[in-house]
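Residue-level listing of the chains:
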Amino acid sequence: MEAYQQGLEHLQNQRYAQAAQLLGEALRLRPEAPHVPAAKLALADALRRSGRAREAVVVLTALLAEGADRETGDDAHYLLAQVHEGLRDYDEARNGFRALVRRYPSSRLVGPARERLAELADLHPPPPPAVPAQQWVWIDGGFVQQSCGARAWVPAHWELRPVASLHRGHGH
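I will try to describe carefully the structure that is included in this document. Quantities reported herein were computed from a predicted structural model and do not represent experimental measurements.

## Considerations on the nonpolar core
In terms of nonpolar packing, the biggest core is built from 30 residues, with Leu43, Leu60 and Val83 touching the most fellow members. Among the secondary structure elements, those contributing two or more residues to this core are helix H1 (2–12), helix H2 (16–29), helix H3 (36–49), helix H4 (53–65) and helix H5 (70–86). The leading source of residues in this core is H3, at 8 residues.

Right under this line is the structure:
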C-alpha cells in the first residue's frame, strides 16, 4: 500500500516516471489488493503523461477486459479515449468516448465525452467509406474483349464501359 500511496503522490506532483515505477511496483507486490483497479488507472495516467502512451493503452485495455469496477470503468474508458486521441487514432478515440456514454450513462464524464465526440467530428471527421476503383471493360459487338483498370490501346471501334453498367451475362 505504501508504494501505491507514494505513486499517487508522485502523480499529483507531476513526477510521472517515478509515479509509473511505484504504481507498477504496487501492482506487482499486491496484485489482488482492493485498490488494484484504481492503481491500474493511475498507472495508465502516469504512463500517458510520461510519453508512454502505447503502454497506457495496454494497461487500460487489460483493465477494461478484466471488468473495471463502477468507480474506475468510466474513468478508464475516458482515459483510453484520450490516449488514443493523443496517438492520433481518432476512430479508436471516438469508440472509447461512445463506449463510456453507452455503458455509464449517468457518469459525470458523459458530458465531457459528448463534447469530445463533437470536437472530434469537427476537427477529425471519420473518413468516407472506401469505394472500390471502377473496373472498365472494352466491348466489341456485345462481347467483352479486354478488362482493364485504366485505358489501354484497343481498336477504335471497341466501346469502353464500366463493369457496373453491364447486365449480368449479357455483355451490354
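## So, the environment of Pro126
Among the secondary structure elements, Pro126 is positioned in the loop between helix H7 (110–123) and strand E1 (136–140). Remark: the alpha-carbon pair of Pro126 and Arg94, spanning 32 residues in sequence, is separated by 9.3 Å. With sequence-adjacent residues up to four places away left out, Pro126 is seen in contact with Asp91 and Arg94.

## Some thoughts on the packing of H5 against helix H6 (residues 90–103)
Here H5 crosses H6 at 165°, and the two axes come no closer than 7 Å. The orientation of H5 relative to H6 falls into the category roughly antiparallel. As H5 runs across H6, the sense of the crossing is left-handed. Between H5 and H6, the contacting residues are Asp74, His77, Tyr78, Ala81, Gln82, His84 and Glu85 on the first element and Tyr90, Glu92, Ala93, Gly96, Phe97, Ala99, Leu100 and Arg103 on the second.

## Here's the deal with H3
For H3, built from 14 residues, the straight-helix expectation of 20 Å at 1.5 Å per residue is met to within 8% by its first-to-last C-alpha distance of 20 Å. Burial runs high along H3: 11 of the 14 residues are buried. For H3, every residue scored as buried is listed here: Val36, Pro37, Ala39, Lys40, Leu41, Ala42, Leu43, Ala44, Asp45, Ala46 and Leu47. Those residues of H3 hidden inside the fold are in contact with H1, H2, H4 and H5. Backbone geometry just after H3 places Gly51 at a positive phi near 85°.

What counts, and at which threshold
- Numbering of residues begins from 1 in every chain and follows the order in which that chain's sequence is written.
- Local features are withheld for residues below a pLDDT of 70 in this predicted model, meaning they are given only at 70 or higher, and side-chain atom pairs are given and counted only at 80 or more; totals for whole chains, interfaces and linings count all residues.
- Only hydrogens and water are set aside when side-chain values are computed; all heavy atoms of the structure are taken into account.
- Within this scheme, the nonpolar core is defined by two criteria: the residues are buried Ala, Val, Leu, Ile, Met, Phe, Trp, Tyr or Cys, and they are joined through side-chain atoms within 4.5 Å.
- A simple rule labels every residue: compare its accessible area, found with a 1.4 Å probe on the protein chains alone, to the largest value its type can have, and call it buried under 20%, exposed over 50%, or partly exposed in between.
- Secondary structure elements follow DSSP: runs of H or I no shorter than four residues count as helices, runs of E no shorter than two count as strands, and numbering proceeds from the N terminus.
- Contacts are assigned to residue pairs that have any heavy atoms within 4.5 Å of one another.
- Between the N-to-C directions of two axes lies an angle of 0 to 180 degrees, each axis being a line fitted to C-alpha atoms and, for a helix, fitted only over the stretch in contact.
- Angle categories are assigned with fixed cut-offs, so that under 35 degrees is roughly parallel, over 145 is roughly antiparallel, 65 to 115 is roughly perpendicular, and the rest are oblique.
- By definition, any crossing whose near helix is turned counterclockwise from its far helix by less than a right angle is left-handed, and any crossing with a clockwise turn is right-handed.
- Multiplying 1.5 Å by the helix residue count minus one yields the expected span of that helix.

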